[in-house]
Amino acid sequence: MVNTRGELIGINTAIASRTGSYSGYSFAIPSSIVRKVISDLMEFGVVQRAVLGVQINDLSAEKAKELNIEKIEGVIVEQIFDGGSAKSSGIEISDVIIKIGAIKVGKVAELQEQISKYRPGDAIKVTINRKGKIKEIDVILKNKSGNTEIVSNDLVTALGANLEELSA
């Protein structure tokens, strides 16, 4: 997928079509995520996934009013998982995440896209709206195991088979 300047902006992954033709709803992976995946595979042999350790949802008008938030923007934290980055950095339930670094996030998919650009151990700034007050929080991202270690390629699982490099 390219923009009007001919620059790659995404890799098409699927088209949902009722007719079987190449028209309908298309799905694509943003090129920024593709670049990171390729870089991770080349450097580590596996994709490095950082997580915040939260369950999130788009901010509704009702919830914004309840939290004394004037502008409906951002993603609301509904649950925080033990051992995750959010818990150790001080993010709380009902915080509304409005920026990852300098990038505004207005929807769940936007937040997920921004986090997917990072690796475990990366330090980022998360801007939140906590009951009408804007606050910037330093976060050290962790992996899904709850630590900052880079995942190794010692053993790869594919299609139900365990694979490893062939020894001499």
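Within each chain, residues carry numbers counting from 1 in the order of the written sequence. Given that this is a predicted model, residues contribute local features only at a pLDDT of at least 70 and side-chain atom pairs are listed and counted only at 80 or more, while totals for whole chains, interfaces and linings are drawn from all residues. Based on all heavy atoms of the structure, the side-chain values leave hydrogens and waters out of the count.

Colleague: Would you explain the overall build of the chain in this entry?
Modeller: For the chain, the helix and strand inventory stands at four helices and ten strands. Walking the chain from its N terminus toward its C terminus, one meets helices and strands in the order β-β-α-β-α-β-α-β-β-α-β-β-β-β. For the chain, the residues scored as buried account for 30% of the 168 residues in total. Contacts are residue-level and defined by heavy atoms, with any inter-residue pair within 4.5 Å sufficient. The long-range share in the chain, meaning contacts at least 24 apart out of those at least 6 apart in sequence, stands at 47%. Areas reported here follow the Shrake-Rupley algorithm with a probe of radius 1.4 Å; residue values treat only the protein chains shown as occluding. With the model as given, the accessible surface of the chain reaches about 11,200 Å², and the carbon-plus-sulfur share is 53%. In this charge count, Lys and Arg are treated as positive and Asp and Glu as negative; neither His nor the chain ends contribute. By convention, the charge on Lys lies at NZ, on Arg at CZ, on Asp at CG and on Glu at CD. Within the chain, the 21 negative side-chain charges are centred at a point lying 6 Å from the centre of the 21 positive side-chain charges. Numbered from the N terminus, helices here are DSSP runs of H or I no shorter than four residues, and strands are runs of E no shorter than two. Each residue's exposure class comes from its accessible area (1.4 Å probe, protein chains only) as a fraction of the maximum for that residue type: buried when under 20%, exposed when over 50%, partly exposed otherwise.

Colleague: Please explain the pattern of salt bridges as it appears in this structure.
Modeller: Between side chains of opposite charge, a pair can form as their charged atoms come close. Salt bridge, as used here, is a side-chain nitrogen of Lys or Arg placed within 4 Å of a carboxyl oxygen of Asp or Glu. This model, assessed by the stated rule, comprises ten salt bridges. Lys36 is the partner of Asp40 in a salt bridge, and the nearest nitrogen-oxygen pair spans 2.4 Å. Of this pair, Asp40 and Lys36 both sit in helix α1 (residues 31-44), four residues apart, roughly one helical turn. For Asp40, a relative accessible area of 0% translates into the label buried. Between Glu66 and Lys63 there is a salt bridge; the shortest N-O distance is 3.1 Å. Here Lys63 and Glu66 lie together in helix α2 (residues 61-66), a separation of three residues that amounts to about one turn. A relative accessible area of 26% means that Lys63 is categorised as partly exposed. Through salt bridges with shared partners, a single ionic network connects Lys36, Asp40, Glu43 and Arg119.

Colleague: Can you walk me through unusual backbone geometry in this structure?
Modeller: Leave glycine aside and you will find that most residues have negative phi; peptide bonds, for their part, are mostly trans. Notably, Ser94 is not glycine yet its phi reads approximately 80°, a positive angle. Of note, Ser94 is situated in the loop between α3 (85-89) and β5 (96-100). A positive phi angle is found at Lys131, which is not glycine, with a value near 55°. In this fold, Lys131 is placed in the loop between β7 (123-130) and β8 (133-140).

Colleague: Hey, could you run me through the environment of Ser26 in this one?
Modeller: By the secondary structure assignment, Ser26 is in strand β2 (residues 25-30). Considering only alpha carbons, one finds Ser26 and Ala14, twelve residues apart in sequence, at a separation of 5.8 Å. In this view, Ser26 contacts Ala14 and Ile15; residues no more than four positions away in its chain are not counted.

Colleague: Sorry, what's going on with the side chain of Asn143 here?
Modeller: Topologically, Asn143 is positioned in the loop between β8 and β9 (156-158). Counting of polar contacts relies on pairs of N or O atoms within 3.5 Å, with two restrictions inside protein: one atom must be capable of donating a hydrogen and the other of accepting it, and residues adjacent in sequence are counted only when both atoms are side-chain atoms. A polar side-chain atom of Asn143 sits 2.9 Å from the main-chain amide nitrogen of Ser145. In contact with Asn143, other than residues within four places in its own chain, are Arg49, Val51, Pro120, Glu149 and Val151.

Colleague: Hey, could you run me through the nonpolar core in this one?
Modeller: The nonpolar side chains of a soluble globular protein tend to be buried, and buried together. Counting 21 residues, the largest nonpolar core has Leu52, Ile91, Ile97, Ile100, Leu111, Val126 and Val139 as the members making the most contacts within it. Looking at this core, the elements with two or more residues in it are β3 (54-58), β4 (75-80), β5, α4 (108-115), β7 and β8. Beyond its immediate sequence surroundings of up to four residues, Val126 is in contact with Ile91, Ile97, Lys99, Ile100, Lys135, Glu136, Ile137 and Val139. Think of a nonpolar core as a cluster: buried Ala, Val, Leu, Ile, Met, Phe, Trp, Tyr and Cys residues, connected wherever their side-chain atoms sit within 4.5 Å. Grouped together as the second largest cluster of nonpolar side chains are seven residues, Leu59, Ala64, Leu67 and Ile76 included.

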